[in-house]
Amino acid sequence: MSERISFEDQIQKNKIKSFILIAVIFAFFIILGYIISAVLDPSFFFIIMIFATIFSLIYVWLGYYYSDKIALSSVRAKPASQTEHRQLYHSAEGISIASGLPMPKLYVMESEEINAFASGRDPKHAVICFTTGAIKKLSKHELEGVMAHEMSHIANYDIRFMTLTAVLIGMISILAQLFLRSLWFSNLDGDNRDGRVQIFLIILGIVFAILAPIVAQLVSFAISRKREYAADASGVKFTRYPKGLADALRKIKNEHVPESERKHITAKAMAPLFISDPFKKKIQNMFSTHPPIDDRIKKLEMM
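About the thresholds
Residues numbered from 1 in each chain as written. Predicted model: local features only at pLDDT ≥ 70, side-chain atom pairs only at ≥ 80, totals over all residues. Heavy atoms only, no water. Salt bridge = Lys/Arg side-chain N within 4 Å of Asp/Glu carboxyl O. Helix = DSSP H or I, 4+ residues; strand = E, 2+ residues; numbered from the N terminus. Buried < 20%, exposed > 50% of the residue type's maximum accessible area, 1.4 Å probe, protein only. Pairing = 2+ DSSP bridges. Contact = heavy atoms within 4.5 Å. Axes fitted to C-alpha atoms, helices over the stretch in contact; angles between N-to-C directions. Phe/Tyr/Trp six-rings, centres within 6.5 Å; stacked < 30°, edge-to-face > 60°. Lys NZ or Arg CZ within 6 Å of the ring centre and 35° of its normal. Parallel < 35°, antiparallel > 145°, perpendicular 65-115°, else oblique. Left-handed = near helix turned anticlockwise from the far one by under 90°.

Asks: If you had to explain the pattern of salt bridges to someone new, which residues and values would you point to?
Replies: Counting across every chain of the model gives eleven salt bridges. Here Arg-296 and Glu-228 are joined by a salt bridge, their closest N and O atoms 3.6 Å apart. Residue Arg-296 is located in helix 10 (residues 293–301), and its partner Glu-228 is located in helix 8 (residues 192–239); the two are separated by 68 residues in the primary sequence. The burial state of Arg-296 is the same as that of Glu-228; both residues are buried. Note that Asp-247 is salt-bridged to Lys-243, the shortest N-O span being 2.7 Å. Of the two residues, Asp-247 and Lys-243 both sit in helix 9 (residues 242–254), four residues apart, roughly one turn of that helix.

Laid out in structure tokens, this is it:
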């Protein structure tokens, strides 16, 4: 008999790992800033830091504040009907009572594939959108399992958490770009020893400025995968029935929608929001926004 795991432990472990990964991104930002300050004039570096911080905060804040409207508009979602989509409303009402969260606004997007996503800056402004394929193909318990998963993202403030990640990545990218462009205007005056040190720092800075945004993005993908595990576990906490979500994920894994019926109206930037990768990548790797479905099912079956 396989060892049982606690959904509470899974929630706690994945949240801790997410915070550690955020710390890694922040460390890259500090190291890049330190290297730039060693190469350029410190006062110039602080001007760049302030500009990068303000620009990325404003840009991401706008996206965060209007995240629900942007997400719904990008997939052409329509408000769910209380008569036509009665089971969807019943599932949301049940999970809302179980979780203590406000009832989210429900939407439906046209797609034969089984999928769903949640968005909104906080529980009071949350929206959940299901594909028509999910409503048609999932049973009552499976629909509840997916609804619990999506409401878990809301309860865990995952939109806010991923926004913080986006701010840090944006700051690193802006800082790296400004540093690389500023090298065109720098000079390497000084004696041979100082010149060699300066050249070494510039080379180190260039390498780090190129790699840091890439590594930060990879870490953000890892954070996205951890938040999916945490939402799975939180969903079980709300329903006390892991089989519902496990069966839904199994259907997602095994479904075969003909290419002619697929409507990829989803932007790649939206992919992390969905319960499964809407682009159906066959190979899971460090660039994946979602953990392997088989691994998610296995963990759910052990709860």
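Asks: Can you explain the sheet that holds strand 2 (residues 105–109)? Please cite residues and give values.
Replies: Strand order in the open sheet formed by four strands is 1-2-4-3, and the pairing between neighbours is mixed. Either end of the sheet is taken by a strand with one partner, and the two such strands are strand 1 (78–79) and strand 3 (116–119). The sheet strands contacting helix 3 (residues 67–74) are strand 2, strand 3 and strand 4 (127–131), and the helix crosses strand 3 at an angle near 155 degrees. Running at roughly 145 degrees to strand 4, helix 6 (residues 140–155) makes contact with strand 2, strand 3 and strand 4 of the sheet.

Asks: Give me the pairing of strand 4: which residues, what numbers.
Replies: In the case of a regular strand, side chains alternate between the two sheet surfaces. Taking burial as the measure, the five residues of strand 4 include five buried ones, the bulk of the element. Burial along strand 4 is two-sided: the face carrying Val-127, Cys-129 and Thr-131 and the face carrying Ile-128 and Phe-130 are both buried. One ladder, built from five bridges, connects strand 2 with strand 4; its direction is parallel. What sits directly across from Lys-105, in strand 4, is Val-127.

Asks: Can you break down the pairing of strand 2 residue by residue, with the values?
Replies: Along strand 2, four of the five residues are buried, which leaves the element largely enclosed by surrounding structure. As paired strands, strand 1 and strand 2 are joined by two bridges and run antiparallel to one another. Opposite Pro-79, over in strand 2, you have Tyr-107 as the bridge partner.

Asks: Could you give an account of the packing of aromatic side chains, naming the residues involved and the relevant values?
Replies: Per the counting criterion, the structure on display carries one aromatic pair. A cation over an aromatic ring shows up here: Lys-299 above the ring of Tyr-229, its NZ or CZ 5.5 Å from the ring centre.

Asks: Which residues make up the packing of helix 4 (residues 86–99) against helix 6, and what are the values?
Replies: A pair of packed helices can be characterised by two numbers: the angle between their axes and the separation between those axes. Where helix 4 contacts helix 6, the two axes come as close as 9 Å, and the packing angle between them is 50 degrees. Judged by the inter-axis angle, helix 4 sits oblique to helix 6. Crossing geometry of helix 4 relative to helix 6 is assigned as right-handed. Residues Gln-87, Leu-88, Ser-91, Ala-92, Ile-95, Ser-96 and Ser-99 of helix 4 touch helix 6, and the partners they reach there are Lys-140, Leu-143, Glu-144, Met-147, Ala-148 and Met-151.

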